[in-house]
Structures are given as C-alpha cells and as structure tokens.
Amino acid sequence: MSSFTEQKGLSLDRLQTLCLVAEKGGVMAAAGGNPNRQSLFSRQLRELEAFFGAPLIDRRQTPHSLTELGRKVEKSARGFFSDLEGLAQIGPVGQVAMTIGAGESVIQSILIPSLVTKSQVGLKFVFRNLQGSAILAGLRNRRLDLGIAHDSGGHADLKSKRLLRHGVRLITRDAKLGKLPSVSWAELDQVSLALPEGDSELRKTVDAGLAAQRNSPVVALECTSHAQILEAVGCSKIAGVVPDFVAQRAQERGLYSLPIKELAGYSRELRVLWHPAAVEMKPQILECVRDLLASVSKSS
C-alpha cells in the first residue's frame, strides 16, 4: 500500500494553485485571463479534489468560493508554505523576516519608531498597510507574523495582547485654537475639518455629534488614513481629528493638539495579535511582541 504522499493528485503545485484561486476569488481571476493557465488550474484543482475525494471549490456560484474542506486544506497549505518560506528567508546572513500588518497610521506612528532598530540584530521587517479584516485573515492563513488591530472580538483562535488604549484629539496649526485647554464642536463653527472616510466607528461617532449641533465645523476633506490627515493639517489651515498616538506625532511636528469635549469618552483598544502555530517555527515573534509592548509603554 502506497504512503499518503505517494498517492496521485497531491503536489505542491496543486496546493499553491488552490491558495491562489482562494486569494483571487476564482480560477479565471487567478489565471489573469490566460486561457492556458485557466485550463491548467482547473485540471490541477480537479486532481486535488480527486485526491481528497470531495469538492474543494463551490462552482455553483460566481466567483467561485472554497468549500468547508477547501478552506481547511488551504489553511493547512498556507501554514506549510509560510513555515518553509520563513526557513528559506533566514538564508546565509541569518536574517529572519517579520511580516506585520497594520493600518498606515499605526505603521508610521508606532511600528516604525518602535521596531526599526531591530533590523540591526537579525530581523528584517515587512510592514503591510491593511485593514482589520485583512489583518485577521492574514494571520490565519499565515501570510502575516503579527497584526495590529482594534479589538473587535471574533479572534479566539489567535493570541493577542493589549498594545494601548487611545482616545482622539483635534490637531491644528491655528495658534489661537492651540492655546485652548479643550474645544467643542460649536467653537469650531466654520472651521474646515479633515476626517477619516468610510463608516468607521470614529467617523460614525463624529458624524452623529456634528448632526446634533446647530453650529459645527465644515467637513472639507476625507482621507483613507489618519496619517494622511496629519499631512493635510501640516500643510494647510485645515484641522483634523486623529487618534492620540497620531496627535503625538503632530505635536512633534510643531502642530497643536487638544481634546474635543464631545469626544471625551471615546476610546478604543489596539491589540497586537499572532497565530500560536506560527511561533513554533518563528519564536522571534514573541520577542518582537515584547519589544513592541515595552517601547509603547515607555513612550506613553
């Protein structure tokens, strides 16, 4: 009787194809419009399904999605590839790659100041600008070693530690506003304001507060990140609403930072997360977590 690995249908190429199809959302997208690649990928998936004796792709909907078994196989394959990639990346110079997913403002305000010096002692950092859902997915499929995200629950399969709890502040170049101990929406009447775009929790809270005011600032700019708001305030008369840790960077640049009365009770928790299985192959993950927590605690 042949061993498991000697049975037909299972190969690294076929597993890589499954991961690619899952990532791109279908065979056609994974093939990039190339009919020859599409035919190859379809055949490889059928051979992989024959090996497991069950469908891995749900072809009843477009774009195709993975079946429950397909998701389990993909998760195992990604973990395997991630472990091999980590070993390969060590190379002759002994560097270990540490891939971290976080929002742009977290990367600029927290990760770079806290971790870049570690590159001198055997770590090479890769920072990826990602949203919360993509960070959790990246940790689960082992494409990320660490993630920094707001605590939203739903990640019992991951390990995490509290990084910091933050509120929000107004940042501005206006010296007159900057001398105030705090400011209300009414005091910002007709001030041009920069806010994060979309339906984030912060944006919903701000919009609700502005809607309740007869006199309130004018939303003149929407940005995809708080780091962009910081840049806009630094080169214009516009004011912005950003988390505390971004406001600290604003003060370092000579801008003013002050509390907003209506947002005094607003706070959110940032956590650093990782997959427990990843630590077995890359123990440097826990070292990085300790360094990050110590650096943030020291600077707060």
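Just so we're clear, the structure is a prediction, and the values are computed from it rather than from any experiment.

Within helix H6 (residues 132-140) the residues assigned to the buried category are Ile-135, Leu-136, Gly-138 and Leu-139. When H6 is viewed along its axis, its buried side chains cluster within an angular range of 160 degrees and face the same direction. Arg-142, located one to two residues past H6, shows a positive phi value of around 65 degrees.

Attention now goes to the packing of helix H5 (residues 104-115) against helix H9 (residues 226-234). Taken N-terminus to C-terminus, the directions of H5 and H9 make an angle of 75 degrees; their axes are 6 Å apart at the nearest point. On the basis of their axis angle, the class for H5 and H9 is roughly perpendicular. Across the interface between the two elements, Glu-104, Ser-105 and Gln-108 from H5 touch His-226, Ala-227 and Gln-228 from H9. Here the residues of the contact of H5 with H9 are counted per class, giving one nonpolar, four polar and one charged.

Time to look at the sheet that holds strand S5 (residues 146-150). Pairing within the open sheet is mixed, and its five strands lie in the order S4-S3-S5-S12-S6. Strands with a single pairing partner mark the edges of an open sheet, and in this sheet they are strand S4 (123-129) and strand S6 (159-166). Sheet twist, expressed as the mean angle between neighbouring strand axes with direction ignored, is 20 degrees.

For the rest of this paragraph, the subject is the state of the cysteines. If you walk through the whole model with that rule in mind, you get zero disulfides. We note that Cys-235 lacks a disulfide partner, and the nearest cysteine sulfur, in Cys-223, lies 10 Å from it. Residue Cys-235 is classed as exposed on the basis of its relative accessible area, which comes to 63%.

As a further point, take the packing of H5 against helix H12 (residues 284-299). Here H5 crosses H12 at 110 degrees, and the two axes come no closer than 9 Å. Considered as vectors, H5 and H12 are oriented roughly perpendicular to each other. In the packing of H5 onto H12, the handedness of the crossing is right-handed. For the pair H5 and H12, contact is made by Ile-110, Leu-111, Ser-114 and Leu-115 and by Cys-288, Asp-291, Leu-292, Ser-295 and Val-296, respectively. In the contact of H5 with H12, the residues fall into six nonpolar, two polar and one charged.

On to the pairing of strand S3 (residues 96-102). Burial analysis of S3 places seven of its seven residues in the buried class, the great majority of the element. Alternating residues of S3 divide into Val-96, Met-98, Ile-100 and Ala-102 and Ala-97, Thr-99 and Gly-101, and every residue in both groups is buried. Two strands pair when backbone bridges link them, and S3 and S4 are joined in this way by seven bridges, in the parallel orientation. Each residue of the ladder has a partner; that of Met-98, found in S4, is Phe-125. Alignment of S3 against S5, held across two bridges, turns out to be parallel. By the bridge assignment for S5, Gly-101 is matched with Gly-147.

Below, the discussion takes up the side chain of Glu-49. Residue position: Glu-49 is located in helix H3 (residues 35-52). The contacts of Glu-49, once residues within four sequence positions are left out, are Ala-54, Pro-55, Leu-56, Ile-57 and Arg-59.

Turning next to the sheet that holds strand S9 (residues 218-223). What the five strands build is an open sheet, ordered S9-S8-S10-S7-S11; its pairing is mixed. Every other strand in the sheet has two partners, leaving S9 and strand S11 (256-258) as the edge strands with one partner each. Between one strand axis and the next, the sheet turns through 30 degrees on average, direction left out of account. Across five bridges, strand S8 (residues 192-196) lies against S9 in parallel orientation. Across the sheet, residue Ser-192 finds its bridge partner in S9, namely Val-218. Contacting strand S7 (168-172), S8, S9 and strand S10 (239-243), helix H8 (residues 201-211) runs over the sheet at an angle of about 145 degrees to S8. Packing of H9 onto the sheet brings it into contact with S7, S8, S9 and S10, and relative to S10 it is tilted by some 145 degrees.

Next up on the list: H8. Here H8 has its buried residues at Leu-202, Arg-203, Val-206, Gly-209 and Leu-210. Along the axis of H8, the buried positions cluster into a sector of 130 degrees, meaning they face one direction only. In this structure, H8 carries Lys-204, Ala-208 and Ala-211 as exposed residues pointing more than 90 degrees from its buried face. Where H8 is buried, its residues meet S7, S8, S9, H9 and S10.

Procedures and definitions
- Residues numbered from 1 in each chain as written.
- Predicted model: local features only at pLDDT ≥ 70, side-chain atom pairs only at ≥ 80, totals over all residues.
- Heavy atoms only, no water.
- Buried < 20%, exposed > 50% of the residue type's maximum accessible area, 1.4 Å probe, protein only.
- Helix = DSSP H or I, 4+ residues; strand = E, 2+ residues; numbered from the N terminus.
- Arc of directions from axis to C-beta.
- Axes fitted to C-alpha atoms, helices over the stretch in contact; angles between N-to-C directions.
- Parallel < 35°, antiparallel > 145°, perpendicular 65-115°, else oblique.
- Contact = heavy atoms within 4.5 Å.
- Nonpolar A, V, L, I, M, F, W, Y, C, P; charged D, E, K, R; others polar.
- Pairing = 2+ DSSP bridges.
- Disulfide = S-S within 2.5 Å.
- Left-handed = near helix turned anticlockwise from the far one by under 90°.

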